[in-house]
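Geometric and topological summary
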2 protein chains.
Amino acid sequence: MSGKNKLVEEITARDDDFAKWYTDIVKKAELMDYSGVKGCMIIRPYGFAMWENIKEILDKKFKDLGHENVAMPLLIPENLLQKEKDHIEGFAPEVAWVTECGNEKLTERLCIRPTSETLFCEHYSRIIKSYRDLPKLYNQWCSIIRWEKTSRPFLRSVEIFWQEGHTVHETSEEAKQETQNMLNVYADFFENCLSIPVILGKKTPKEKFSGAEDTYTVEALMYDGKALQSATSHYFSDKFSRAFDITFRDRQNGVSYPFATSWGIATRVIGGIIMVHGDDSGLVLPPLIAPIQVVIIPISKHREGVLDKAREIFDILREDFRVKIDDSDQSPGWKFSEYEMKGVPVRLEIGPRDIENDQCVLVRRDNMEKSFVKISKLKDLVFNELSKIKSNMYKNAQKRLKSMINVARNLDEFIEISKKKPGLIKAMWCKDEVCENKLREVAGVTSRCIPFEKEQEKISTECVCCGRPCKAMVYWGKAY
Amino acid sequence: MSGKNKLVEEITARDDDFAKWYTDIVKKAELMDYSGVKGCMIIRPYGFAMWENIKEILDKKFKDLGHENVAMPLLIPENLLQKEKDHIEGFAPEVAWVTECGNEKLTERLCIRPTSETLFCEHYSRIIKSYRDLPKLYNQWCSIIRWEKTSRPFLRSVEIFWQEGHTVHETSEEAKQETQNMLNVYADFFENCLSIPVILGKKTPKEKFSGAEDTYTVEALMYDGKALQSATSHYFSDKFSRAFDITFRDRQNGVSYPFATSWGIATRVIGGIIMVHGDDSGLVLPPLIAPIQVVIIPISKHREGVLDKAREIFDILREDFRVKIDDSDQSPGWKFSEYEMKGVPVRLEIGPRDIENDQCVLVRRDNMEKSFVKISKLKDLVFNELSKIKSNMYKNAQKRLKSMINVARNLDEFIEISKKKPGLIKAMWCKDEVCENKLREVAGVTSRCIPFEKEQEKISTECVCCGRPCKAMVYWGKAY
């Protein structure tokens, strides 16, 4: 049996058992490993390199927009966490408490941050004095702990690696604009860097972040029709400022409370990349975040000139791309399948006959198309191919998303669709939480978001659930 | 009173009260803020940008040497921490224990990592099977918790931001070489990037890392004559492999235990930069890690052409340097003093008369020298000046280090020097821990390191403490 067949067989087919397919990939592609603490995972080099590439792109965008990185403490005293009522209610059931240090019992419990609003606010209350100190545009990259009962690699875990931006502004307009800007930064990142089409909108009050006035979300649709809340941006109004007594001397020389936002994206985005783009051979990685963008595989590597040519190609590409040459003793077939599984966007094969013709074989991971390319033109060609791969991945994902958005005009239709058609359901809503709860009960879906004005459609004039006059169109769906 | 005088007065003079001078700087230069948990600090944007620059340089070096970044969990189950006897003995008194999650008591306590040897070893025991899997060269950037009773910003704290490399190798020679290589990477970084001369050597058994066979250290000398252990590199032999049952199929088809190392550098290096280079006006930052390398200050900014010229200069420099233009309404004097305090290596002043002459004033932070420079040649000039600043900072620190190394031939001399002369003491040692303890008792010093063979000197033939035949020359000193 060839290495190729062997490896492919080890991954469950996507349509047979999507959950198992997912778990197979994260393990076989060596993205993660389980640790001794349930729900805390180890992110292995290949997975972490994806996160580093994501970080690099987003960190630059944040900084270009004037944000600065800081480091807040890992631990929050219990009394500090309790200062904002809604916030503590939301997080209390899932925080980890430090109660002992060395051999001593602590007099006050400390929680490991489940998110850092309270820490930022306490700091802001000390450093903000005048409108001249505003805005403060801070961000941190860190990990947080939320004691989830169930966990799935990257999608739901006790320890979560993420980025959390926390800003304060002089006016509510500015803070609202920031909330919107950062939502757009995320949306742009998903669409243009990850080739993942997204739906934007506001969360319903039931689904918003604990303590936020408004939560905006970036929702993506996975291959199996479930949604993934992929990034969020929150507007806090002056709720936290009042709870933490953050005040500033305003332009009229009065004392005012500033307006705050926070926004974040987590390693669950890696789960999204897997579930939007992956196929039965494994990962398919967006070129911009692929740890290896081009893999060079010598064919008949012991034949004269082959390895030299492979290294020559490596040298041509190394400055502009993340490139790897695999000259190990494994068979070419094994290597093909290995790097297909790892989702490397472009494979270059170079054998004795190619050398004579100054060419090599280029294979695209997204559609497995093969072509012969001139080595002298390789740099430009690879650049073009990566760009085509990116567009094609987006086009495919976009097509699937569109095909998986269904419309329900009444409750029967809604239930029917929820049973038979994977994907999202567009339906009208009266804005009563009772209907939201009922739809969850009868159809197993939650509200994903209320799309913005320009995306709103008048599907009918009545709430899909209760039949009363409706107030908005909502995207509903099952979600990770 | 001008802004300048006001600010300078706020910093305690270095020779009056060094500890207070240090605390003044970290606060006034906005490097950090205290948090609600004693010993956990907030690293503010200016301090964190220094850490980011340090990370970027070192991370590249690590990767160039084949290391890969990973993320291990934050939490370690108690039984895992206890697997290596010496290791747990060293860390048990200072770990923070999570005992409750949400409303539930945990059946097994989890500690917040004080270091991650145990986590890496457990992972390695699962993924290493053959000599073909070796070496594994992993690293992670993260924070750790050690419950210290006393704390000082950057120097000693409960939460420490650091990098920890963990590697495993087929042979002890390779592991020893790695330990040495990484020590040299750190030494090179201190000398060439931070302009801090260092002393290298091995720690005595009493001072080595809990669980290590050998610990090597990078020691730097602060302005006040105290040493700072600035980076360490540990050789574990196969102790952890045996404790964690990491085995591999070797080249003879037998089963062997691999050899391990770990090495790290922490945010305390920022404390070292402050205490080696800072002066009575504030920080003096090494150009390579300065968040702002060049600050442009317009003089008479409302006069025609001044702001335009300042922006022109900004545009000339922005691609190659981290440059800031301060066109705020503060007075030039206030700005001079502000950026001096913040240690910005180069200040450019541009006023109406300079424009006519196509020049500006360049002021070096390290020696406060002023010169007129042609704007048309600015890019090369700034590059040269930054390079000169780097060399000059190193030269000054090196001169001070040399002047602060004293030699003691007997115990009376040793005690005399320890009382009267700040700095390090070179003295011979019999390698008996009894003498090491006695020197601490009578002179308040600890062993800093046993320098390598080529740096060993035969100061005398007898141990400075007990008079018995000596085995090595040791650097002794008070330390942070």
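Residues numbered from 1 in each chain as written. Chains lettered and ligands numbered in written order. Predicted model: local features only at pLDDT ≥ 70, side-chain atom pairs only at ≥ 80, totals over all residues.

1. What to know about the overall build of chain A
On a plain count of helices and strands, chain A comes out with 15 helices and 23 strands. A globule of 480 residues ought to have a C-alpha radius of gyration of about 23 Å, and chain A, at 25 Å, matches this closely. A principal-axis box enclosing the C-alpha atoms of chain A has dimensions of 80 × 55 × 50 Å. Looking at chain A as a whole, 50% of its 480 residues are labelled buried. Restricting the contact set of chain A to residue pairs at least 6 apart, pairs at least 24 apart contribute 69%. (Helix = DSSP H or I, 4+ residues; strand = E, 2+ residues; numbered from the N terminus. Rg over C-alpha atoms; globule rule 2.2 N^0.38 Å. Buried ≥ 20, exposed ≤ 12 C-beta atoms within 10 Å, placed from the backbone. Contact = placed C-beta atoms within 7 Å.)

2. What to know about the interface of chain B and chain A
Chain B puts 44 residues into the contact, and the matching count from chain A is 44 residues. Take the side of chain B that touches chain A: its biggest share by element is six residues, from strand E5 (residues 96-101) of chain B. Classifying every residue of the side of chain B that touches chain A gives 27 nonpolar, eight polar and nine charged. Sheet topology note: the strand E5 (residues 96-101) of chain A/E5 of chain B ladder contains five bridges and is antiparallel. (Nonpolar A, V, L, I, M, F, W, Y, C, P; charged D, E, K, R; others polar. Pairing = 2+ DSSP bridges.)

3. Observations regarding the sheet that holds strand E18 (residues 359-364) of chain B
Residue and element names in this part refer to chain B. Read from one edge to the other, the open sheet built from five strands follows the order E16-E15-E17-E18-E19, with strand pairing classed as mixed. One side of each edge strand has no neighbouring strand; the edge strands of this open sheet are strand E16 (323-325) and strand E19 (370-374). Neighbour to neighbour, the strand axes of the sheet diverge by 25 degrees on average, direction disregarded. Summarising the sheet, strand E15 (residues 294-298) and E16 pair through three bridges and their orientation is parallel. Considered in E16, the bridge of Val295 is made with Lys324. Packing of helix H10 (residues 306-317) onto the sheet brings it into contact with E15, E16, strand E17 (346-350) and E18, and relative to E15 it is tilted by some 170 degrees. (Axes fitted to C-alpha atoms, helices over the stretch in contact; angles between N-to-C directions.)

4. What to know about the nonpolar core
Tyr186 and Ile296 of chain A together with Tyr186, Val294 and Ile296 of chain B are the most contacted members of the largest nonpolar core, which has 298 residues in total. In this view, Val294 of chain B contacts Leu317, Phe321, Val323, Val346, Leu348 and Val382 of chain B; residues no more than four positions away in its chain are not counted. (Core = buried A, V, L, I, M, F, W, Y, C linked by C-beta atoms within 7 Å.)

5. Things to note about the domain arrangement of chain A
Splitting chain A by domain gives domain 1 (9-277), domain 2 (292-386) and domain 3 (405-477). Between the C-alpha centres of domain 1 of chain A and domain 2 of chain A there is a distance of 39 Å. (Domains from an automatic or database assignment.)

6. Points about the relation of the copies chain B and chain A
Overlay of chain B on chain A (RMSD 0.0 Å): rotation 180 degrees, translation along the axis 0.0 Å. One copy is carried onto the other by what is essentially a two-fold rotation axis. Residue Val98 of chain B, judged by its C-alpha, is the member of chain B lying nearest the rotation axis, at 2.1 Å. A share of 100% of interface residues in chain B that are also interface residues in chain A marks the association as one of identical surfaces. (Least-squares fit on C-alpha atoms with pLDDT ≥ 70 in both.)

7. Thoughts on the environment of Asn396 of chain A
Residue and element names in this part refer to chain A. Secondary-structure assignment places Asn396 in helix H13 (residues 378-403). On the basis of neighbour counts, which here come to 17 C-beta atoms within 10 Å, the residue Asn396 falls in the partly exposed class. With 152 residues separating them along the chain, Asn396 and Phe244 place their C-alpha atoms 47 Å apart.

8. Description of the packing of H10 of chain B against helix H13 (residues 378-403) of chain B
Residues and elements named next belong to chain B. Put simply, H10 and H13 touch, their axes get as near as 9 Å, and they point 65 degrees apart. In terms of their interaxial angle, H10 and H13 are classed as roughly perpendicular. Our pair here, H10 against H13, has a crossing hand that is right-handed. In contact with Ile313, Ile316 and Leu317 of H10, H13 contributes Leu378, Lys379 and Val382. Along the lines of polarity and charge, the residues of the contact of H10 with H13 split into five nonpolar, no polar and one charged. (Parallel < 35°, antiparallel > 145°, perpendicular 65-115°, else oblique. Left-handed = near helix turned anticlockwise from the far one by under 90°.)

9. Observations regarding unusual backbone geometry
Residue and element names in this part refer to chain A. Here the bond from Leu134 into Pro135 is cis, since omega is -5 degrees, no more than 30 degrees from zero. Along the chain, the position of Pro135 falls in the loop between helix H6 (117-127) and strand E7 (136-145). A positive phi is found at Phe154, a non-glycine position, where the angle reads about 70 degrees. On the secondary structure map, Phe154 appears in the loop between E7 and strand E8 (159-169). Since 28 C-beta atoms lie within 10 Å of it, Phe154 is described here as buried. The phi dihedral of Ser300 is positive, around 50 degrees, even though this residue is not glycine. Mapping Ser300 onto the fold places it in the loop between strand E15 (294-298) and helix H10 (306-317). Using a count of 12 C-beta atoms within 10 Å as the deciding quantity, one classes Ser300 as exposed.

10. What about the environment of Leu317 of chain A?
All names here are of chain A. Note that Leu317 resides in helix H10. Judged by C-beta crowding, with 21 C-beta atoms within 10 Å, Leu317 ranks as buried. Residues Leu317 and His302, 15 residues apart in the sequence, show an inter-C-alpha distance of 23 Å.

11. A look at the pairing of strand E17 (residues 346-350) of chain A
Walk down a regular strand and you will see the side chains alternate between the two sheet faces. All names here are of chain A. Where burial is concerned, most of E17 is hidden: four out of the five residues are buried. Alignment of E15 against E17, held across five bridges, turns out to be parallel. Looking at E17, one finds that Pro298 is bridged to Ile350. Of the pairings in the sheet, the one linking E17 to strand E18 (residues 359-364) comprises four bridges and is antiparallel in character. Its bridge partner being in E18, Val346 is matched across the sheet by Arg364.

12. Some details on the sheet that holds E17 of chain A
Residue and element names in this part refer to chain A. Overall, mixed pairing links the five strands, which are arranged E16-E15-E17-E18-E19 in an open sheet. The two strands at the open ends of the sheet, each matched to only one other strand, are strand E16 (323-325) and strand E19 (370-374). Taken pair by pair, the neighbouring strands of this sheet meet at an average axis angle of 25 degrees, ignoring direction. Sheet contacts for H10: E15, E16, E17 and E18; angle to E15, the most-contacted strand, approximately 170 degrees.

13. Observations concerning the packing of helix H14 (residues 411-420) of chain B against helix H15 (residues 433-443) of chain B
Residues and elements named next belong to chain B. It is the contact of H14 with H15, at a shortest axis distance of 10 Å, that shows an interaxial angle of 45 degrees. In terms of orientation, H14 and H15 fall into the oblique class. At the point where H14 passes H15, the crossing takes the right-handed sense. Residues Phe414, Ile415 and Ser418 of H14 form the contact with H15, whose participating residues are Leu439, Val442 and Ala443. In terms of residue class, the contact of H14 with H15 is made up of five nonpolar, one polar and no charged.

14. Section: helix H6 (residues 117-127) of chain B
Extensive coverage of H6 of chain B is indicated by the burial of eight of its 11 residues. Of the positions making up H6 of chain B, those classed as buried are Glu117, Thr118, Leu119, Phe120, Cys121, Glu122, His123 and Tyr124 of chain B.

15. Overview of the pairing of strand E11 (residues 227-237) of chain A
Residues and elements named next belong to chain A. Where burial is concerned, most of E11 is hidden: 10 out of the 11 residues are buried. Pairing geometry for strand E10 (residues 214-221) and E11, over eight bridges, is antiparallel. Among the inter-strand pairings, Val218 is bridged to a residue of E11, identified as Ala231. Remark: five residues form the turn of the hairpin made by E10 and E11, two consecutive strands paired antiparallel; Gly225 in that turn has positive phi of roughly 90 degrees. Pairing geometry for E11 and strand E14 (residues 259-266), over five bridges, is antiparallel. Residue pairing across strands places His234 opposite Ser262, the latter belonging to E14.

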